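# Residue-level structural notes
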Amino acid sequence: MTGAPTNIRAHQNEQILELTWEDGRVDRIPYHDLRCECPCASCRDEWTGQRTIDPKSIRSDLKVEGMEGIGQYAVRLAWNDGHSSGLYSWDVLRRLGGEHSSGP
Ligand SMILES: [Zn+2]
């Protein structure tokens, strides 16, 4: 299990979510990628895990309108396109972040 980040910052102008982890790693994940990878049932096929959302349908002026911690394992992100059912677990965020970080 991935531990909770020590800090989460939403950079609305850059459209980047910045996460600082317990081990000191800092991940900067573009909003677009987060929105694409929304783990909720309406954005992914429950059985195959395949994405059903079209990345091209995601608005370019995407913003995070709200963040809500879910227990000790996830954060719910509310987007300005009206979608707010995605629970992003630390594992998912850590994986997405890993795709963008160049360091160890
Ligand atoms: Zn979703």
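Relevant structure appears above.
Below is a summary of the structure that appears in this document. Being a predicted model, the structure only gives us computed values, none of them experimental.

Thresholds applied
Here the residue numbers are simple positions, counted from 1 along each chain's written sequence. Only residues with pLDDT of 70 or above have their local features reported here, since the model is predicted, and side-chain atom pairs are shown and tallied only from 80 upward, although totals for entire chains, interfaces and linings are computed over all residues. With hydrogens and water set aside, each side-chain value is computed from the structure's full complement of heavy atoms. For two strands to be treated as a pair, DSSP must find no fewer than two bridges joining them. Here a strand is any run of E in DSSP of at least two residues, a helix any run of H or I of at least four, and the numbering for each starts at the N terminus. For helices, the fitted line uses only the C-alpha atoms of the stretch in contact; every axis is such a line through C-alpha atoms, and the angle between N-to-C directions lies from 0 to 180 degrees. Contacts between residues were defined by any pair of non-hydrogen atoms, one from each residue, lying within 4.5 Å.

Moving on, we come to the sheet that holds strand β1 (residues 7-11). Reading across from one edge, β1-β2-β3 is the order of the three strands in this open sheet, with antiparallel pairing throughout. The open sheet terminates on both sides in strands that have one partner only, identified here as β1 and β3 (26-30). Strand-to-strand twist across the sheet, computed as the mean angle between neighbouring axes with direction ignored, equals 15°. Taken together, the five bridges between β1 and strand β2 (residues 16-20) define a ladder with antiparallel strand orientation. Each bridged residue has a counterpart across the sheet, and for asparagine 7 the counterpart in β2 is threonine 20. The strands touched by helix α2 (residues 90-98) within the sheet are β1, β2 and β3, with β3 carrying the most contacts at an inclination of about 85°.

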